[in-house]
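The lines below spell out each chain.
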Protein chains: 2
Amino acid sequence: MPKYVYFFGEGKADGNAQMKALLGGKGANLAEMTNLGIPVPAGFTISTEVCRYYYEHDGAYPPELRQEVEAALSRMEKVMGARFGDSENPLLVSVRSGAAISMPGMMDTILNLGLNDETVQGLARRTADARFAYDCYRRFVAMYGDVVLGLKPREKDELDPFEVIMDAKKRARGVQYDHELSAQDLQELVQEYKEEIKKRLGVDFPQDPKEQLWGAIGAVFRSWNNPRAIAYRQLNGIPDDLGTAVNVQAMVFGNMGKTSGTGVAFTRDPATGEDVFYGEYLMNAQGEDVVAGIRTPQPINKRQKGDKDVLSLEEELPEVYQQLEEIRKKLDRHYRDMQDIEFTIQQGKLWMLQTRVGKRTGLAALRMAVDMVREGLITKEEAILRVEPDQLNQVLRPIFDPQQKRQAIAEGRLIAHGLNAGPGAATGRVVFNAPDAEQWAARGEEVLLVRIETSPEDIRGMNAAQGILTARGGMTSHAALVARQMGKVCVVGCGALEIDYKKRQMEVNGHTIKEGDYLSIDGATGEVIMGRIPTRPSEILQVLIERSMRPEESQIYGYYAELMSWADEARRLEVYTNADKPDQANIALAFGAEGIGLCRTEHMFFEGDRIDAVREMILAEDRAGREEALVKLLPMQKEDFKGIFRVMDGKPVTIRTLDPPLHEFLPNTPHEIEELARKIGVSEQQLRAKVEALHEANPMLGHRGCRLGIVYPEITAMQARAIFEAACEVAREGIKVYPEVMIPLVGDVKELRNQRRVVEEVAHEVFSRYGMEVEYKVGTMIEIPRGALTADQVAREAEFFSFGTNDLTQTTFGISRDDAGKFLRPYLEAGIWEFDPFEKLDRAGVGQLMEISVKKGRMSRPELKIGICGEHGGEPSSIEFCHQVGLDYVSCSPYRVAIARLAAAHAALKERRKD
Amino acid sequence: MPKYVYFFGEGKADGNAQMKALLGGKGANLAEMTNLGIPVPAGFTISTEVCRYYYEHDGAYPPELRQEVEAALSRMEKVMGARFGDSENPLLVSVRSGAAISMPGMMDTILNLGLNDETVQGLARRTADARFAYDCYRRFVAMYGDVVLGLKPREKDELDPFEVIMDAKKRARGVQYDHELSAQDLQELVQEYKEEIKKRLGVDFPQDPKEQLWGAIGAVFRSWNNPRAIAYRQLNGIPDDLGTAVNVQAMVFGNMGKTSGTGVAFTRDPATGEDVFYGEYLMNAQGEDVVAGIRTPQPINKRQKGDKDVLSLEEELPEVYQQLEEIRKKLDRHYRDMQDIEFTIQQGKLWMLQTRVGKRTGLAALRMAVDMVREGLITKEEAILRVEPDQLNQVLRPIFDPQQKRQAIAEGRLIAHGLNAGPGAATGRVVFNAPDAEQWAARGEEVLLVRIETSPEDIRGMNAAQGILTARGGMTSHAALVARQMGKVCVVGCGALEIDYKKRQMEVNGHTIKEGDYLSIDGATGEVIMGRIPTRPSEILQVLIERSMRPEESQIYGYYAELMSWADEARRLEVYTNADKPDQANIALAFGAEGIGLCRTEHMFFEGDRIDAVREMILAEDRAGREEALVKLLPMQKEDFKGIFRVMDGKPVTIRTLDPPLHEFLPNTPHEIEELARKIGVSEQQLRAKVEALHEANPMLGHRGCRLGIVYPEITAMQARAIFEAACEVAREGIKVYPEVMIPLVGDVKELRNQRRVVEEVAHEVFSRYGMEVEYKVGTMIEIPRGALTADQVAREAEFFSFGTNDLTQTTFGISRDDAGKFLRPYLEAGIWEFDPFEKLDRAGVGQLMEISVKKGRMSRPELKIGICGEHGGEPSSIEFCHQVGLDYVSCSPYRVAIARLAAAHAALKERRKD
């Protein structure tokens, strides 16, 4: 015989915490708490099976259900010492949804069920509080009328019908707040609510509590398929056939006088992770009052109270507090994780209403995970999985002083939102161009660089700024990419900015921000706030990067280092970094990088007066002219590589040959062209013609990548010479050097063969000149679909593959990331995309090409080394995919290396769990 | 026992024409002719097996070879009545390469072998012509010195050493031409040549004819692997291990006096295909003299001579001519194909030296194929395969008067070459912008539109011009695409043009062409020729399109119609057309189109004052504003569709919803912006801001295709309304309408689902309003890799797929076709690409995605209709691939429909042959 109803009460429950699929999360945890001997108001859970039955049978229930519910109700009555529908001592119940996977606020709830014209009087008598009783009743009628009977506003702009009646009543009584209404007023309201229901729906509000109950149960099941819930499931990938359970539970009231109260608490501090009780409560109040924020809740204990001039629960009801403290310990140890609990004190008696795993800050997650291992509660593997990789960001990046930020928002200084492209907090004076940023910073100002969008020429200005804010661009726009590379705070795509470069000011939702005004941005949330908000640096950064703190001085660092050492044991993927300079490489090493997966040689081209030589090369009329200019670049590139090789001693350094189209190195504005023409001694007209000739309709798909090296092999040769000469010279210093030369944008094996030959010839020549050899690899980026599709051929010439998933995403989707902003939001809103594919790897398309490449590549060359160096290499879900398809390493920006290490450990552990 | 040497001579040969793999083409045909009783100088062929043996054994021969060669040589001596190395009656031989697949000019040849200081005197005596004998000898020594002994210029710029000696001799004798030297001079030259060989190589020129022979055989085998030959094979996909045969054949001389001569001829007229003998000859000359063009050859017969004041072979040597005429018939009937033959008459005796299948014009190919079926020589299937689909172009397009073109080139008026983008010949006065083209044409001028590149706004000007010439762009640039669509003559990417729009002139390799100057372009060759060259239209066009000729009046049309009817029986693929307007559709129908595979709605947007409504829609601030503008466009689009539906009665019409990014419809220049701002009553600044806001970094990957319809569903809805209202109204006229709505640029099934819903809602609404239903389909273009990779999902919402291989090529390669010009040529030259992938479908990458799509698509929906509407749909090798992977149809521009029909037949027949 099937069982549909699971009772809990008086220390015994039919269910337990393992039965979430059947009882939903809420029901399973109520059962578990009951079994633990924790005081839980009695009740029962109707299983998710009934929900599925309900939908499969056009809203009918299994025949056995009614009897089971009746039986469970009787047990509730016995346990609670009250009777459903009794006019003297009525049992009131709540009816709540509860799915296996939490869908907060998506489904319906009915409270105070069981009240009618008679039982309300019983409640009034027993509580000696008519106002309380009628307030419960009028809330119930309104809730029932809305949720079960469906009395909702007819038009979008119409007010809630019950609100309208309430407002009229308050006006009639000349009062402002609900609680100013008398018992009599509330009783009248009940009557008026019922009349409205009759008038508008043609049905009577049911007086029979059983009828009420079945009405509510049906409403909760139906709410599983309301449009909001369907959309939520679609968005979160929750299967539609899981169904919800229904929890019917005895009501308890925290608003029954001075020894009643209600509160929420965490079994550890959710902000710091410390193993202390942390919570808030309100005396003589209902749960919704705590949430609503009309009254200020009190701290739960003296520790938390500090020197504030309020009472804590510990002081007000010491026995209850003691009981609660024991429950918190029990739950914390039992669940072996921090719990978020809800409790109600009804006339001095404590009732627990909910327990679930609580949300926490990154710091708390880190600390609790490590602490719980130390406490013997969880294994190292569990600890690793307890910290979401992205949460590490929070302990690595500078943050605003929370107090001051809250105040700024309260003062209405939050003026816009952009995309949270580079986490951390930054505050500074606004400048609108890169040279200003450099100059202001040079004279000691904190500046915030605000641009419509950024370009490679802005790099030094970006570096000088505290943070970068742009009006255009997505999560992988130039600004976002460079900022993450530099570890800069960055907010991009903030459409509300109307920047006027000429006037050196901008309009933002009606506020005018002028050059020099202070502005603050939160790169973790995308918030843009007027004025200055002080920031504080992360301890871990102080230890690892700034070295302004010794490791043993920082507790946070200790937790971080311990968890990361466990993660390193667990993971299989290696973690490299994308770094163009020794200082970036140093930061990445501090975060645990095991190699450089992408060193972009072109970023070096903008440094100092190198750009002159670069431009000379581009503007040369023939190969001889280009070679003459390249000779000037050679020693500079060589020095760059030497610096990086020294820092990366013993670790592989993957260097990509020139990638961007040449026009990126040329000036654009008439003024710049005039200046350059004078400098290099050609006519403006000639220069303009050259700039014009290099113009491309679609530069992303233009003359770039290996296409440059094939047409101008002398460029590849110069770069190879710089690499190998640097390698030889540094190797002579006793440093181990492993250069890996990476040819970009390969779509055909013949491209790679061509460039590989150039590289090998130079290597041979340099080695014989230096009389020594350095071990090196030649490989390619897989970043266009044709390269992926023909990976078996490409692998014949490649010793390694590195997925350039930025470009691979662009070409696979046929979407320019610079232009995607125009339809990204509509696409996300219409549910066409579940996420921005430039942020998180698209497994169905881009991922499919990666799988094809890995399979075909290793078919031709089983020992092929395969990694990823696109932005996705630092994104946890993408890293999981990289692990799954068998990559050897991921490479990400220096500040994401630790996150990637943790994500790689997650991927490995999740895979192990599946096995 | 293996056999390595195949003798031929005196009516009997060891080999035959089927043995090409073993004997090479030349050897097999010499054997075949011998067997046919045709007089062929005796000789033998050393098989390709020996070549393979030679390379596998480091240049050694099979042990049996020497004996076999000796035996064959003896038979030759007997047959020819002369002896190798005999001082009285020496046998001289030629030693030539000959591979299974012709590699013209790639390998080496030695003539007059067998001459030495003694035999030369014998030859002189027997021919009574010492000058002749020593001329043969000095040629042989030079050839042998070069080819066998390897005496070549030491440096790139050095002259041929034998040339240097020859030049010195001529200077010493004070003569200008070789033939002015005396026998004595030539004898001295032989001596000097030999001394040079000794001096520079340290070896003696071998006097032993046997040693000469083996030296020559080895040299020919070695020439199989000279760099030129290797490159040629790589380029033409010829396997490296086929090897060459060596043909040793008795020399015969056409320069032995007045009854000697030499000639080349075709067994039918290679220009017209007529079954008449066509050829040229020179009396008292060697083969190379005919080719060299120093003397003007004579016509072979009276028919060909016409009223020219020369003698023909028919008159000069009537008996020989009669014999030759019989041979031509025999060869033509025997080989069942037109042969290209070489003959020599030595002192009145005719010798045949070569026969092979001859090259022919498109017209000749067509006529001969049909004639040979009528003559019972070949089957219809063979006839179809005899005409290369692209050859049809030649019979469809206007051509220059050949006489006048030749003269123009002789006058040095050929000034540049571009890409042959739109075949045919055009001549006209140069204009540099589209409005001028229209105006000049309106007043009756023939104009040639010359632009740096063209844009959609130039369309009317292009239509008005005789032809289009651009400086930039590849085979699928806008100009090329539109020209082919319109059937316009077009040459693109002519880099030599330096156009100055302001001065209204251009510089072309030192020539200045001004507006109004006459210029001629040959779209079949890419030639750009100064001045006017008269053109003549194709007869088939006069019959099919212009209707200025009745079918029965044109013999060429008759041939065309017959061949095409056979092709239609043979093919499986249907052939649709890409047509945006009724007149284009009409042309396509005349060429046999069976539906429209791509009707681009946006081309309609530029017509007349529609562009105003389009711009109003783009510039609208909100949906209401856009809808207001769309209401104006609706009736116009509807009329367009009605026109097309009427023309296409009973055939499917695939209409693509709006595809290009909206900024393509907005003006660019300040002047145009000013004008438009005034017209629509907004400020210039506002308009400029909007233009700026719509600007895209990579428009190809931007906000276009279905991305437009998703963000602005009202555009899709308007277009669907126009389609279905048109369909209903035309259906009421009794016309059968099959609209197929095609959603472009789909990368995710959800995009298609979204747009499909919009289309279906409109269809439902229109049908219920009209009280009728029209059968229709909704499908998608597969033109970005993600769409292809997820085709199984996409097919759930698509009733048809149409491959947009232009965009699919761009995204699969990550190459913008607008920008590919910068590296296309270097890529082709470096052998990285074997062809331009925008012209010919890339099977390895793009084709792989097509195969994936077909497989996955039909997995989800077995009845899925699949076609192609990219430019490749009209390219024969791409059509073959479409057939192979199982497409249902190809769609191409109207003027390529016949070509596609023929190519489809080829594909089907080739497949059948394989089975």
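Residues numbered from 1 in each chain as written. Chains lettered and ligands numbered in written order. Predicted model: local features only at pLDDT ≥ 70, side-chain atom pairs only at ≥ 80, totals over all residues. Heavy atoms only, no water.

Asks: I keep staring at the side chain of Arg413 of chain A and nothing clicks. Help me out?
Replies: Residue and element names in this part refer to chain A. Inspection of the secondary structure assignment puts Arg413 in the loop between helix H17 (402-410) and strand E13 (414-417). Within the local environment of Arg413, its side chain forms a polar contact with the side chain of Glu411, the two groups lying 2.8 Å apart. Setting aside residues no more than four positions away along its own chain, Arg413 makes contact with Ala408, Val528, Ile529, Met530, Gly531, Arg532 and Ile533. (Helix = DSSP H or I, 4+ residues; strand = E, 2+ residues; numbered from the N terminus. Polar contact = N/O pair within 3.5 Å; in protein donor to acceptor, adjacent residues only side chain to side chain. Contact = heavy atoms within 4.5 Å.)

Asks: Would you take a moment to explain the interface of chain B and chain A for this structure?
Replies: Bring the parts together and some accessible area is lost; that lost area is often taken as the interface size. With 49 residues of chain B at the contact, the number on the chain A side is 49 residues. Across the chain B/chain A interface, buried area totals approximately 4200 Å², and carbon plus sulfur atoms make up 56% of it. It is Leu701, Arg786 and Lys822 of chain B that lose the most area in chain B upon contact with chain A, and together they represent 16% of the buried surface on that side. Here chain B is connected to chain A by 6 salt bridges. With a shortest N-O distance of 3.3 Å, Lys750 of chain A and Glu834 of chain B are connected by a salt bridge. For the interface between chain B and chain A, the tally reads 30 residue pairs in polar contact (both at pLDDT 80 or more). Those elements that place two or more of their residues in the side of chain B that touches chain A are helix H28 (684-694), helix H29 (706-711), helix H31 (749-770), helix H32 (785-789), helix H34 (805-813), helix H35 (821-829) and helix H36 (843-860) of chain B. In terms of residue count, H36 of chain B provides more of the side of chain B that touches chain A than any other element does, 6 residues in total. Considered class by class, the residues forming the side of chain B that touches chain A number 22 nonpolar, 13 polar and 14 charged. (Buried area = accessible area lost by both parts, 1.4 Å probe. Salt bridge = Lys/Arg side-chain N within 4 Å of Asp/Glu carboxyl O. Nonpolar A, V, L, I, M, F, W, Y, C, P; charged D, E, K, R; others polar.)

Asks: Looking at this structure, how should I read the confidence of the model for chain A?
Replies: Should pLDDT be low for a region, the predicted coordinates there are not to be read in detail. Within chain A, residue pLDDT values average 92, and 98% of them lie at 70 or more. Prediction confidence for the complex, expressed as pTM and ipTM, is 0.84 and 0.83 respectively. (pLDDT = per-residue confidence, 0-100.)

Asks: Even after reading the chapter, I still don't get the packing of helix H5 (residues 130-147) of chain A against helix H7 (residues 183-201) of chain A, so can you show me in this structure?
Replies: In a pair of packed helices, the angle between the axes and the distance between the axes together describe the arrangement. All names here are of chain A. Where H5 meets H7, the closest approach of the two axes is 8 Å, and the angle between their N-to-C directions is 20°. Accordingly, the angle class assigned to the pair H5 and H7 is roughly parallel. With respect to the hand of their crossing, H5 and H7 are arranged in left-handed fashion. Contacts between H5 and H7 pair Ala130, Arg131, Tyr134, Asp135, Tyr137, Arg138, Val141, Ala142 and Gly145 from the former with Ala183, Leu186, Gln187, Leu189, Val190, Tyr193, Lys194 and Ile197 from the latter. Of the residues contributing to the contact of H5 with H7, the split by class is 11 nonpolar, 2 polar and 4 charged. (Axes fitted to C-alpha atoms, helices over the stretch in contact; angles between N-to-C directions. Parallel < 35°, antiparallel > 145°, perpendicular 65-115°, else oblique. Left-handed = near helix turned anticlockwise from the far one by under 90°.)

Asks: Looking at this structure, I do not really get the pairing of strand E25 (residues 574-578) of chain B. What am I missing?
Replies: Looking along a regular strand, one sees side chains alternate from face to face of the sheet. Residues and elements named next belong to chain B. Of all the 5 residues making up E25, 4 are buried; the element is thus mostly covered by neighbouring parts of the structure. Pairing of E25 with strand E32 (residues 889-892) involves 4 bridges; the strand directions are parallel. Within E32, the residue paired with Tyr576 across the bridge is Ser891. By the bridge criterion, 2 bridges tie E25 to strand E26 (residues 596-600) in an arrangement that is parallel. (Buried < 20%, exposed > 50% of the residue type's maximum accessible area, 1.4 Å probe, protein only. Pairing = 2+ DSSP bridges.)

Asks: Would you mind showing me how to read the pattern of salt bridges here?
Replies: A side chain with one charge can pair with a side chain of the opposite charge if their charged atoms come near. Residue and element names in this part refer to chain A. Scanning the entire structure with this criterion turns up 166 salt bridges over all chains. The residue Arg769 makes a salt bridge to Glu725 at a minimum N-O spacing of 2.8 Å. One end of the pair, Arg769, is in helix H31 (residues 749-770); the other, Glu725, is in helix H30 (residues 713-732), and 44 residues separate them in sequence. According to the relative accessible area criterion, Glu725 is buried, its value standing at 6%. Through salt bridges with shared partners, a single ionic network connects Arg268, Asp275, Glu325, Arg328, Lys329, Asp332, Arg333 and Glu375.

Asks: Explain the relation of the copies chain B and chain A to me, please; I cannot follow it from the model alone.
Replies: Superposing chain B onto chain A takes a rotation of 180° combined with a translation of 0.1 Å along the rotation axis, leaving an RMSD of 0.2 Å. Here the transformation between the copies is reduced to the relation of a two-fold axis. In terms of proximity to the rotation axis, the leading residue of chain B is Asn698 of chain B, whose C-alpha is 2.2 Å off the axis. Taken as a fraction of all interface residues of chain B, those also at the interface in chain A reach 100%, which identifies the copy contact as same-surface. (Least-squares fit on C-alpha atoms with pLDDT ≥ 70 in both.)

Asks: Mind showing me how you'd approach the sheet that holds strand E21 (residues 511-514) of chain A here?
Replies: One key point about sheets: their strands pair by backbone hydrogen bonds, in either a parallel or an antiparallel sense. All names here are of chain A. Spatially, E19-E20-E21 is the arrangement adopted by the 3 strands of the open sheet, whose pairing is antiparallel. Each edge of the sheet is formed by a strand with only one pairing partner; in this case those strands are strand E19 (497-500) and E21. Geometrically, the sheet is characterised by an average inter-axis angle of 20° between neighbouring strands, direction not taken into account. By the bridge criterion, 4 bridges tie strand E20 (residues 505-508) to E21 in an arrangement that is antiparallel. Following the sheet pairing, Gln505 is matched in E21 by Lys514.

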